[in-house]
Amino acid sequence: METLKNIKIGETVRVEKVGGEGALRQHFLDMGLIPGAEVTLVKYAPMGDPMELRLHGYELTLRLADADEIEVCPVTDKKEEVREKKKKQKTEHPGLGEGGRFHAKGDGVPLEKGTVIRFALVGNQNCGKTTLFNRLTGSKQHVGNFPGVTVDRKDGSIIGHDDTLITDLPGIYSMSPYSSEEIVSRNFVLNEKPHAIINIVDVTNIERNLYLTMQLLEMNIPMVVALNMMDELTSNGGSIDINHMEKRLGVPVVPISAAKNKGIEELVEHAMHVAYYQERPLRYDFCDKTENGGAVHRCLHGISHLIEDHVEAIGMPLRFVTSKVIEDDPLVIEKLDLDQNEIETMEHIVSQMEKERGLDRSSAIADMRFRFIHRLCDDTVNKPAESKEHIRSRRIDKVLTGKYTAIPAFILIMGLVFFLTFNVIGAFLQDLFEMGVDKATELTDKALVHAHVNTVIHDLVIDGIFAGVGSVLSFLPVIVTLFFFLSMLEDSGYIARVAFFMDKLLRKVGLSGRSIVPLLIGFGCSVPAVMSTRTLPSERDRKMTILLTPFMSCTAKLPIYAFFVNAFFPKRGGFIMVGLYLLGIVTGILAAYLFKGTLFRGEAVPFVMELPNYRLPAAKNVAQLLWEKAKDFLQRAFTVILIATVVVWFLQSFDTHLNMVSDAGDSILAGIAGIFAPVMSPVGLGDWRILVALISGFMAKESVVSTLEILYSGSVGAAMTSLSAGCLLVFSLLYTPCVAAIAAVKRELGKKYALAVVVWQCGVAWVVTLIIRAVLIAIGVS
Amino acid sequence: MNIADIVLIVLIAAALVFAVRATVKNAKSGSCCGNCAKCGGCSKK
């Protein structure tokens, strides 16, 4: 029997059997890889693995090893043809979720007045959920954590409705326990019992999105379906019979475009109505008793009756529990506490269904849902053959994911990003900033002299605070610029492609392509890089990726590089900058090999990922992100760096008897650093001032430069040699990340890992600096 | 020491107290880098 692994590019096949086991197999089924589905091979990644498949109107990546588990047979005529525009039959507007003539007095069970109405916002990844959430809540958001797991949680109240609380749940494809996001979303809906669900559906991938909708309907919670990206569908000649879809689903269906801010008001009105009056879905039973002899229908209803007392006892929705039980969901089965007789009876019923249906249980349930979805879409959706956005994405992908062009394009794009950041936009803005800081320092200095301020305090303000904090502030434009480009790349959909073609390469070091995202973000800042590992479904991959992010040189180190490159290597600035980044990456790769063979033996997580169409990121989202980043940087400058600056100034200005010193070598600071200096001498960093600066770098990397400026009284260039500058650059690249990053590691992996990262990174930095120092001496750097 | 010195000392002290409190709070909660889409942010509400 042929498998998906062996098909040719452009070939369309029909899935016969889905192999594999456990949660991964269920995930394949939930993504639409079910028996009977038609799948087309679009391309292979440049390195031959993974493959990009097209099914149900969207692109999915799959590794060859996983594709080998799926048996297929050829098809001669594709199902995904353009359907002829159906003759429009007028469906009366059902008016679900509306007041007026659609709501009789006494209908529903209204909530008590004054209740804070709680909503859950649920949808697939890449469906525009974040954009919708931002539209609904504006800036009234709060970011937090789901307790006990490392999954994001965002809450906010709907604009104009202060008595509401909407929770943005992670993007998920089903309610199966494949990933922690799915478990969290499921538990949120079941345990926190929101008053209503807003299910956002991407109409350009409607079949796959409706799969989740059906599972949400089974939960029997008041719900509104928001059909997002309607503008894209209609501009490509498509349409949806909203009334008919609403009637078939039994919940209000509202067309919206979150990006263009259309339909949001109507959505809010419907959501408020169904939530307030607790109007539950009119149907959650989608099995057809005439289809395939009604095997699945009888199985579902039979088991429902068998377990309904147990389900009632645990307070969960019956239909949802029934389908999860048939799918062998261990989390649900455990909760039911069935006795042996019931378990055996259930097994008989399900086995009978499998025998009659000719499919295993999970495939049968997935198939039942997709059949309903296909019938619904056949009757209500007019899809264009191929949307403009998809055509555009295919054309762009010919270059950006082409066999010979993907990696050169990636290097070019990243090179362009860094060039624009450091040499053009960032550099220009940085000069402006520096002029501003210098002017502020000059004016303050004059004011202090005029006010006859004490010399010690004058010294603290000008040579301590202004010099220290000011030298760091000027890097804000560079950092914001880099973040701008990185978020544009991610939100546009390009980073998903990078994950696709980097998968094979990353597998060599024991990771999957998904890990590229946190590693790339690490070039911006280690804190979000560590946090973004939450999207990795495997704990092993997550830990390993977190341990590798410190090797990706973050933007906070830029002030250090820029400072020393300008002072010591002005003609080779670009070469040295690139060299430093590459050194970090190469050291990271070596560390990954070491981890792979020791701490993290085993294979990386399977790589099943959607490739969304390329999209222009919403300006508002990007602007909000950059503002938050700038705000955070300024906050750090005026907190951590201010503290470091003042502390360093104090320790280097006073001796142990609290007398001001004229020579910094007599200060408290010199004494402390002197204890550790012998450890750093072999790597050319035995000067106590350098050591102090590195210690302050633990607070915030940006403060290394400001501390050196203070300790060398502004003449670092004259006091250090090129060799020691080179060693400092390498050590700064690799030693412990800042306290914020370590705190993030501690939150994700615990105290032991956090401490281990500090010690490990310092050790690696020491060893590599030793080697580089020997190389520099050998080539004549002094 | 004149009034300007005293004002400056008070201001610097206040800034340091605020900075220390903010840093300790951020360090405990894993620090927020501002990227709400990717960062879990504060675990304390």
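Remember, predicted model here, so these are calculated numbers, not experimental data. (Residues numbered from 1 in each chain as written. Chains lettered and ligands numbered in written order. Predicted model: local features only at pLDDT ≥ 70, side-chain atom pairs only at ≥ 80, totals over all residues. Heavy atoms only, no water.)

Colleague: I tried to follow the overall build of chain B on my own but got confused; where do I start?
Modeller: For chain B, the helix and strand inventory stands at 1 helix and 0 strands. Per-residue burial for chain B yields a buried fraction of 42% across its 45 residues. If you sum the accessible surface of chain B, you get close to 2,500 Å²; carbon and sulfur atoms cover 75% of it. (Helix = DSSP H or I, 4+ residues; strand = E, 2+ residues; numbered from the N terminus. Buried < 20%, exposed > 50% of the residue type's maximum accessible area, 1.4 Å probe, protein only. Areas by Shrake-Rupley, 256 points an atom, 1.4 Å probe, with all protein chains shown as cover.)

Colleague: Help me understand the sheet that holds strand β15 (residues 609-611) of chain A, please; the structure alone is not making it clear to me.
Modeller: Sheet strands pair via backbone hydrogen bonds, and the direction of the pair is either parallel or antiparallel. Residues and elements named next belong to chain A. A sheet is described by the order of its strands in space; here 6 strands give the open sequence β5-β1-β2-β3-β4-β15, paired in antiparallel fashion. Unpaired on one side and paired on the other, β5 (70-74) and β15 mark the two borders of the sheet. Pairs of neighbouring strands in the sheet enclose a mean axial angle of 45 degrees, with direction left out of account. Here strand β2 (residues 38-44) pairs with strand β3 (residues 51-55) via 4 bridges, running antiparallel. Bridging from a neighbouring strand, Lys43 pairs with Glu52 of β3. (Pairing = 2+ DSSP bridges. Axes fitted to C-alpha atoms, helices over the stretch in contact; angles between N-to-C directions.)

Colleague: Before we go on, may I ask you to explain the state of the cysteines in this structure?
Modeller: Linking two cysteines covalently through their sulfur atoms gives a disulfide. Residues and elements named next belong to chain A. Following the criterion strictly, the structure yields 0 disulfides over all chains and no others. For the unlinked cysteine Cys287, the closest cysteine sulfur is that of Cys299, found at 9.5 Å. Relative accessible area serves as the criterion here: at 10%, Cys287 is assigned to the buried category. (Disulfide = S-S within 2.5 Å.)

Colleague: In this structure, what is going on with the pairing of strand β11 (residues 223-228) of chain A? I would like to understand it.
Modeller: For a regular strand, side-chain orientation follows a simple rule: the groups alternate between the two sheet faces. Residues and elements named next belong to chain A. With respect to burial, β11 is a largely interior element, 6 of its 6 residues being buried. Two strands pair when backbone bridges link them, and β11 and strand β13 (residues 253-255) are joined in this way by 3 bridges, in the parallel orientation. Bridging from a neighbouring strand, Ala226 pairs with Val254 of β13.

Colleague: Explain a nonpolar patch on the surface here, please?
Modeller: All names here are of chain A. On the surface, a nonpolar cluster with roughly 750 Å² of combined accessible area is contributed by Leu416, Phe419, Val424, Ile425, Phe428, Leu429, Leu432 and Met435. Mapped onto the fold, Leu416 is located in helix α15 (residues 406-450). A residue is classified by how much of its surface remains accessible, and Leu416, at 49% relative accessible area, is partly exposed. (Patch = residues over 30% accessible without salt bridge, like charges linked within 9 Å, V, L, I, M, F, W, Y side chains within 5 Å. Salt bridge = Lys/Arg side-chain N within 4 Å of Asp/Glu carboxyl O.)

Colleague: Is there a simple way to explain unusual backbone geometry in this structure?
Modeller: Working note: non-glycine residues mostly have negative phi, and peptide bonds are mostly trans. Looking along the chain, the bond that leaves Asp49 of chain A and enters Pro50 of chain A is cis, with omega of 5 degrees. Within the secondary structure, Pro50 of chain A sits in the loop between β2 and β3.

Colleague: What should I look at first to understand the packing of helix α26 (residues 688-699) of chain A against helix α27 (residues 703-711) of chain A in this one?
Modeller: Residues and elements named next belong to chain A. Viewed as axis vectors pointing N to C, α26 and α27 meet at an angle of 150 degrees, and their least axial separation amounts to 8 Å. Relative to α27, the element α26 lies roughly antiparallel. The interaxial crossing formed by α26 with α27 has right-handed handedness. Listed contacts from α27 to Trp688, Arg689, Ile690, Val692, Ala693, Ser696 and Gly697 of α26 are Ser703, Val704, Thr707, Leu708 and Leu711. Here the contact of α26 with α27 is built from residues that sort into 7 nonpolar, 4 polar and 1 charged. (Parallel < 35°, antiparallel > 145°, perpendicular 65-115°, else oblique. Left-handed = near helix turned anticlockwise from the far one by under 90°. Contact = heavy atoms within 4.5 Å. Nonpolar A, V, L, I, M, F, W, Y, C, P; charged D, E, K, R; others polar.)

Colleague: In this structure, what is going on with the packing of helix α12 (residues 340-357) of chain A against helix α13 (residues 361-380) of chain A? I would like to understand it.
Modeller: All names here are of chain A. Put simply, α12 and α13 touch, their axes get as near as 9 Å, and they point 65 degrees apart. Both α12 and α13 take part in a crossing whose hand is left-handed. Along its contact with α12, which presents Glu347, Val350, Ser351, Met353, Glu354 and Arg357, the element α13 presents Arg361, Ala364, Asp367 and Arg371. Within the contact of α12 with α13, the residues separate by chemical class into 3 nonpolar, 1 polar and 6 charged.

Colleague: Teacher, can you tell me more about helix α1 (residues 22-30) of chain A here?
Modeller: Working note: α-helix, 3.6 residues per turn, so residues spaced by three or four point in the same direction. In terms of residue burial, α1 of chain A counts as a mostly covered element, since 7 of its 9 residues are buried. Once α1 of chain A ends, the next one or two residues include Gly32 of chain A, with phi positive near 105 degrees.

Colleague: Quick question: what am I supposed to make of the pattern of salt bridges here?
Modeller: A side chain of one charge can pair with a side chain of the opposite charge when the charged atoms of the two come close. Residue and element names in this part refer to chain A. This model, assessed by the stated rule, comprises 28 salt bridges over all chains. Between Glu218 and Arg369 there is a salt bridge, with the nearest N and O atoms lying 3.4 Å from each other. Here Glu218, found in the loop between α5 (206-217) and β11, pairs with Arg369, found in helix α13; they are 151 residues apart in sequence, far enough to count as distant. A residue is classified by how much of its surface remains accessible, and Glu218, at 2% relative accessible area, is buried.

Colleague: I keep staring at the packing of aromatic side chains and nothing clicks. Help me out?
Modeller: The description of an aromatic ring pair rests on the distance of the ring centres and on the angle between the ring planes. Residue and element names in this part refer to chain A. Across all of its chains, the model carries 14 aromatic pairs over all chains by this definition. Look at Phe410 and Phe501: their rings are 6.1 Å apart centre to centre, the planes differ by 70 degrees, and that puts the pair in the edge-to-face class. Of the two residues, Phe410 sits in helix α15 while Phe501 sits in helix α18 (residues 494-508), which places them 91 residues apart along the sequence. Like Phe410, the residue Phe501 is buried in the burial classification. (Phe/Tyr/Trp six-rings, centres within 6.5 Å; stacked < 30°, edge-to-face > 60°.)

Colleague: Explanation requested: the environment of Leu16 of chain B in the structure shown.
Modeller: On the secondary structure map, Leu16 of chain B appears in helix α1 (residues 3-29). If we skip the residues at most four places from it in the chain, Leu16 of chain B touches Leu642, Ile643 and Val646 of chain A.

Colleague: How should helix α7 (residues 242-249) of chain A be read in this particular structure?
Modeller: Of all 8 residues making up α7 of chain A, 7 are buried, and the element is well covered by its neighbours. Just downstream of α7 of chain A lies Gly250 of chain A, where phi reads positive at about 80 degrees.

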